[in-house]
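Okay, here's what each chain looks like letter by letter:
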Amino acid sequence: MKEQDVLRRFLFEDLGVRGEWIKLTASWQTAKQHQQGPQNAQMQLGQALAAVVMLSATVKYNGSMILQAQGDGDFKTLVAQSTHDRKIRGLIRCNDHIPVGSLETQFGQGRLVLTIEPDDAQPYQGIVPLQGRNLATVLQTYFEQSEQLKTRLWLFANETHSAGLLIQELPSQNSYKTDWERIEILADTVTEQELLELDCEPLLYRLFNEEKVRLFEAELVEFQCACSRQRIERTLRALGREELEDILQERGNIQVGCEFCSKQYLFDRVDVETLLSRDTLANQS
Ligand SMILES: [Zn+2]
């Protein structure tokens, strides 16, 4: 049976190197279905989703991790999010045509921001310039600069699948240079076709058959949007009475669509009065 929508972690026992493999199918297709944009922008989203799940699995936390790329080029914004329990969503904002080429060609001057939002602590954020051949290279730079951990990623996406491979030095136990280099060279022989088509075990066997690899149980990944009427209400309240009255005057009601999942939220005059009066009550107490 083909492995789909799963993350698998593995460990090179005795070497101080860990790895992850991911294959997204239904979750990727659902995330993509809600996004407008040219094919090459969509494929960047696929890679970003595979990446953010793998990266979030390298950290112990409860909450969500957000990978955001922003620039002043044709590609404006790319967001990929994963929770600690592997629920993903993402969005793109871009022009109808994105040139083929490096990240600078697509995003112009930009930056990549990686945010961890733990449920019970302050968010943590790391930022690197959006420079390099692709997302995998800029993420490698990120890890070298902010975490000082040797990390390599391979990311590929097509219409039906998005897949990734990651290897990383264990934080507590720096690997020997020669061990790391050997694993890196072996991993770097992976092809787009192998990553998109093979299941985890055959792929690891093909790449690392002479290494001792411990493979952990598959973890399920699914598309799930965290939007809710309550969250939209909070955003509307922040706009203030005057702004909301203007929209009501003009359109009769307020319709807000979620950019991640296309769900529509409708607020009529009574709804708006209710949410504003709740605001007043909250301020008084
Ligand atoms: Zn949503």
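The structure presented is a predicted model; accordingly, all values stated were derived computationally and were not measured.

*Asks:* Which residues make up the packing of aromatic side chains, and what are the values?
*Replies:* Taken as a whole, this structure holds five aromatic pairs when the rule is applied. With a centroid separation of 4.9 Å and an interplanar angle of 80°, the aromatic rings of Phe12 and Phe208 are classed as edge-to-face. A residue pair is termed long-range when its members are at least 10 positions apart, and Phe12 in strand 1 (residues 6-12) and Phe208 in helix 7 (residues 200-208) qualify at 196 residues. Judged by relative accessible area, which is 1%, Phe12 ranks as buried. A network of ring pairs unites the aromatic residues Phe10, Phe12 and Phe208 as a single cluster. Positioned above the aromatic ring of Trp28, the side-chain terminus of Lys32 is 5.3 Å from the ring centre.

*Asks:* Requested: an account of the coordination of the zinc ion, with residues and values cited.
*Replies:* Every protein donor of the zinc ion is listed here as Cys225 (SG), Cys227 (SG), Cys258 (SG) and Cys261 (SG), and their distances to the metal cover 2.2 to 2.3 Å. Because the angles between the four donor atoms bound to the zinc ion fall within 104 to 115°, the donor set is best described as tetrahedral. In primary-sequence terms, the residues that donate to the zinc ion follow C-x1-C-x30-C-x2-C. In this pair, Cys227 is assigned in the loop between strand 12 (222-223) and helix 8 (229-239) and Cys261 in the loop between strand 13 (254-257) and strand 14 (264-267), connecting sequence segments 34 residues apart. Residue Cys227 shares its accessibility class with Cys261, and that shared class is buried.

*Asks:* Tell me about the sheet that holds strand 12, and name the residues and values.
*Replies:* The strand order 7-6-3-4-5-12 describes an open sheet built from six strands, whose pairing is mixed. Two strands in the sheet have a free side with no partner beyond their single neighbour: strand 7 (124-129) and strand 12. By the bridge criterion, seven bridges tie strand 4 (residues 75-83) to strand 5 (residues 87-94) in an arrangement that is antiparallel. Within the sheet, the bridge partner assigned to Val79 lies in strand 5 and is Leu91.

*Asks:* Account for the pattern of salt bridges, naming residues and giving values.
*Replies:* When charged atoms on two side chains of opposite charge get close, those side chains can pair. Scanning the model with the defined rule gives 22 salt bridges in all. Residue Glu159 pairs with Lys32 through a salt bridge whose shortest N-O separation is 3.0 Å. Taken together, the residues span a long stretch of sequence, with Glu159 in the loop between strand 8 (151-157) and strand 9 (162-169) and Lys32 in helix 1 (residues 26-33) at a distance of 127 residues. Given a relative accessible area of 40%, Glu159 falls into the partly exposed group.

*Asks:* So what's going on with the side chain of Glu194? Residues and values would help.
*Replies:* Tracing the backbone through its elements, the reader meets Glu194 in helix 6 (residues 192-197). Using a relative accessible area of 14% as the deciding quantity, one classes Glu194 as buried. Side-chain polar atoms of Glu194 contact the side chain of Arg206, separated by 3.1 Å. For Glu194, the residues in contact, after removing those within four places along its chain, are Thr189, Leu203 and Arg206.

*Asks:* How would you summarise unusual backbone geometry if you had to cite specific residues and measurements?
*Replies:* Here Asp5, not a glycine, exhibits a phi torsion of approximately 55°, which is positive. Turning to its location among the elements, Asp5 is positioned in the segment before strand 1. The phi torsion at Asp14 lies on the positive side, around 75°, for a residue other than glycine.

Reading the values: the criteria
Residues numbered from 1 in each chain as written. Predicted model: local features only at pLDDT ≥ 70, side-chain atom pairs only at ≥ 80, totals over all residues. Heavy atoms only, no water. Phe/Tyr/Trp six-rings, centres within 6.5 Å; stacked < 30°, edge-to-face > 60°. Helix = DSSP H or I, 4+ residues; strand = E, 2+ residues; numbered from the N terminus. Buried < 20%, exposed > 50% of the residue type's maximum accessible area, 1.4 Å probe, protein only. Lys NZ or Arg CZ within 6 Å of the ring centre and 35° of its normal. Donors = N, O, S within 2.8 Å, 3.2 Å for Na, K, Ca; no water. Tetrahedral: all angles 85-135°; square planar, octahedral: opposite > 155°, others 65-115°. Pairing = 2+ DSSP bridges. Salt bridge = Lys/Arg side-chain N within 4 Å of Asp/Glu carboxyl O. Polar contact = N/O pair within 3.5 Å; in protein donor to acceptor, adjacent residues only side chain to side chain. Contact = heavy atoms within 4.5 Å.

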